[in-house]
Amino acid sequence: MAKLNVLQLTDLHITHSGELMLGIDTEFYFLQTLKHAVDRHGPFDLILLTGDLAQDPHADSYQRICRHLSRYDTRCLCLPGNHDDFGLMQTHLHTGKISCDKHLVLGDWLILMLNSQKINSPIGVLADDELDFLERALQSHAGLPTLIAVHHHCIQCGSPWMDTMQIQNSAAFLALIKKYPHVKAVTCGHVHQAFSKQDAQIALFAAPACCFQFTPLSNEFSVAETPPGYRIFQLYDDGQLQSEVFRLPIKMSNLDRNAHEY
Ligand SMILES: [Fe+2]
């Protein structure tokens, strides 16, 4: 059966001038994560970058990310996280194969990329025009199995400090997509940890960050020693999907676990 091989990378947190974050070089780990994914599981039909591409957004950060991705000659879709500047992303992540396009029909699948940014806030929200875009796209591609990507999580991950930042109007979002049986999955970043849960017909996923991870089920900010990773989707033409998380085979020996914020 025909299938699409899709890679999700998230939360790169590339710094403008190369300074370390929580003791690590985030650009180095992004490159290692991308290389590991392509070497072990490529080639990919599509790469999704689901937000927090830059820590302190600057044109140069996005230009470097674009150059790194361009080496792999693979279609890439990028969406913004709370740390990003979507205008700069749209300007600098814009080549023949790399874009911030919000929808793509690939094979028998519809891929939708949502913007959950709330300006000057780490909290997620899907604005009215974003929900309108979503509903119009689902109506005009009725029957196409659909994967939705968005930066913030739409269900609680179990860490109270992190769950204060989940999509504020996630109830409206989930009610909307449940009206469309062809919506198969939603995947997010932001939580810097992996999860997968099922809600009615919809599989809900989070991917690990390309850099530092947060401790699952922690009441407060806590950095884990778990290595960076990525999520892979196999999207089958009958609407079935499989997804799995992989991680770099390394120890995060330089990580500053005493940090209290990022
Ligand atoms: Fe992040």
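This one's a predicted model, so the numbers in the text were calculated from it and none came from an experiment.

**Q** Before we go on, may I ask you to explain the overall build of the protein chain in this structure?
**A** Within the protein chain one finds 6 helices and 14 strands. Here the protein chain has a C-alpha radius of gyration of 17 Å; the compact-globule value for 262 residues is 18 Å, and the two agree. The C-alpha extent of the protein chain, read off along each of the three principal axes, is 50 × 40 × 35 Å. Scored against the burial criterion, the 262 residues of the protein chain give a buried share of 58%. Across the protein chain, contacts joining residues at least 24 apart in sequence account for 70% of those joining residues at least 6 apart. Here the protein chain has roughly 10800 Å² of accessible surface; of this, 49% comes from carbon and sulfur atoms. Separation of charge centres in the protein chain, based on 19 positive and 28 negative side chains, amounts to 5 Å.

**Q** Explain the coordination of the iron ion here, please?
**A** Reference values for coordination geometry: four tetrahedral donors around a metal ideally subtend 109.5 degrees, six octahedral donors ideally subtend 90 or 180 degrees. The protein atoms donating to the iron ion are Asp 11 (OD), His 13 (NE2), Asp 52 (OD) and His 192 (NE2), with metal-donor distances spanning 2.1 to 2.5 Å. Of note is the iron ion, whose 4 donor atoms meet at the metal with angles of 88 to 179° in an arrangement that counts as irregular. In this structure Asp 11 comes out as buried when scored by relative accessible area, which is 0%.

**Q** Any chance you could explain the pairing of strand β7 (residues 146-149) here in plain terms?
**A** Sheet faces and side chains relate simply in a regular strand, where the side chains alternate between the two faces. Along β7, one buried face is formed by Thr 146 and Ile 148 and the opposite face, lined by Leu 147 and Ala 149, is buried too. Once you follow strand β6 (residues 109-113) into helix α4 (residues 128-140) and on to β7, the crossover reads as right-handed. Direction of pairing for β7 relative to strand β8 (residues 183-188): parallel, over a ladder of 4 bridges. Directly across from Ile 148, in β8, lies its bridge partner Val 186.

Definitions and cut-offs
Throughout this description, residue numbers start from 1 for each chain and increase along the sequence as written. Side-chain atom pairs in this predicted model are given and counted only at pLDDT of 80 or more, local residue features only at pLDDT of at least 70, and totals for whole chains, interfaces and linings cover all residues. Hydrogen atoms and water are omitted, and side-chain values are computed over all heavy atoms in the structure. Counting from the N terminus, the helices are DSSP H or I runs at least four residues long and the strands are E runs at least two residues long. Only C-alpha atoms enter the radius of gyration, while the globule expectation follows 2.2 Å times N to the 0.38, with N the number of residues. Type-normalised accessible area, obtained with a 1.4 Å probe on protein chains alone, sets the label of each residue: buried when under 20%, exposed when over 50%, and partly exposed for intermediate values. Note on contacts: a residue pair qualifies if any of its non-hydrogen atoms lie within 4.5 Å across the two residues. For the accessible areas, the method is Shrake-Rupley and the probe is 1.4 Å, while residue cover comes only from the protein chains on display. Neither His nor the chain ends contribute to the count of charged residues, in which Lys and Arg are positive and Asp and Glu negative. We put the charge of a Lys on NZ, of an Arg on CZ, of an Asp on CG and of a Glu on CD. Only nitrogen, oxygen and sulfur atoms qualify as donors, provided they sit within 2.8 Å of the metal or within 3.2 Å for Na, K and Ca; with water excluded from the atoms, sites may seem incomplete. Square planar and octahedral sites, with four and six donors, are those where opposite donors lie more than 155 degrees apart and all other angles lie between 65 and 115, tetrahedral sites have four donors with every angle between 85 and 135 degrees, and the rest are irregular. When the strands point away from the viewer, a crossover counts as right-handed if the path from the first strand over the helix to the second runs clockwise. One bridge is not enough; two strands pair if DSSP finds at least two bridges between them.

Treat this as a map of the structure, not an account of what it does.
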